[in-house]
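Residues per chain, in single letters:
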Amino acid sequence: SQQGEEDPQALSIQEGENATMNCSYKTSINNLQWYRQNSGRGLVHLILIRSNEREKHSGRLRVTLDTSKKSSSLLITASRAADTASYFCATDAQKDTGRRALTFGSGTRLQVQP
Amino acid sequence: DTEVTQTPKHLVMGMTNKKSLKCEQHMGHRAMYWYKQKAKKPPELMFVYSYEKLSINESVPSRFSPECPNSSLLNLHLHALQPEDSALYLCASRLGNTEAFFGQGTRLTVV
């Protein structure tokens, strides 16, 4: 089962614009991660934010985390056509067995028009 | 070496066939994962191995049989699959609760 939902499901913007994606999750977390996936191939890790952090930057990426609302957002600034991909948030969700495993949100498909 | 290598990249198999997917990493990660991903959906967890022992099985049908022969290798044995099992199968490895490294996946088609 998914850990949470992401919105929007799909986003289309022009090159140079900013893209914001939101993620909500259900269980308590140690950290939250964002991944990118091109054309149904392997996922690539983008950024990790710990539960005691509120904001983190990496290049053109900015991630925020609000543990009281169980939500996170990913901002990509000055987007490029090469940013076109699916973006997923992921957390170590607790499973029925009590163990935790990396579980993904529903994802946002980003299309950046040149 | 920060690569996770999956073979084969593509696989077409009949419903009576037996095949195996392979995954290899040499980063010393002791947690390895299998995910299944359908088109336009997120990766769905199937199995987790921790220190070469199966720690999570997400109620996956027995026609999927995982195996972890050593700390670098992870296999997924397939037998009597159904057309609805056609998907992208992703392997990942991880150190603790840090970032996961994914292979490029095996695109499986069951005919």
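Before reading on, note that the structure itself is shown above.
Residues numbered from 1 in each chain as written. Chains lettered and ligands numbered in written order. Predicted model: local features only at pLDDT ≥ 70, side-chain atom pairs only at ≥ 80, totals over all residues. Heavy atoms only, no water.

Asker: I tried to follow the environment of Gln-104 of chain B on my own but got confused; where do I start?
Answerer: As for its position among the elements, Gln-104 of chain B is in the loop between β10 (100–102) and β11 (106–110). Linking Gln-104 of chain B and Thr-2 of chain B, residues 102 residues apart in sequence, is a C-alpha distance of 13 Å. Other than its neighbours up to four places away in sequence, Gln-104 of chain B contacts Arg-41 and Gly-42 of chain A together with Val-4, Gln-6, Leu-88 and Leu-90 of chain B. (Helix = DSSP H or I, 4+ residues; strand = E, 2+ residues; numbered from the N terminus. Contact = heavy atoms within 4.5 Å.)

Asker: Sorry, what's going on with the packing of aromatic side chains here?
Answerer: Geometry of an aromatic ring pair is reported as the spacing of the ring centres plus the angle between the planes. Within this structure, the stated rule accounts for eight aromatic pairs over all chains. Ring geometry for Tyr-35 of chain A versus Phe-104 of chain A: centroids 5.5 Å apart, planes at 65°, classification edge-to-face. Of this pair, Tyr-35 of chain A sits in strand β4 (residues 31–37) while Phe-104 of chain A sits in strand β10 (residues 100–104), placing them 69 residues apart in sequence. An angle of 85° between the planes, with centres 6.2 Å apart, marks the rings of Phe-88 of chain A and Phe-104 of chain A as edge-to-face. Here the residue Phe-88 of chain A occupies a position in strand β9 (residues 85–94), and Phe-104 of chain A occupies one in strand β10, the gap between them amounting to 16 residues. Among the aromatic side chains, those forming a connected cluster through ring pairs are Tyr-35, Phe-88 and Phe-104 of chain A together with Tyr-33, Tyr-35 and Phe-102 of chain B. (Phe/Tyr/Trp six-rings, centres within 6.5 Å; stacked < 30°, edge-to-face > 60°.)

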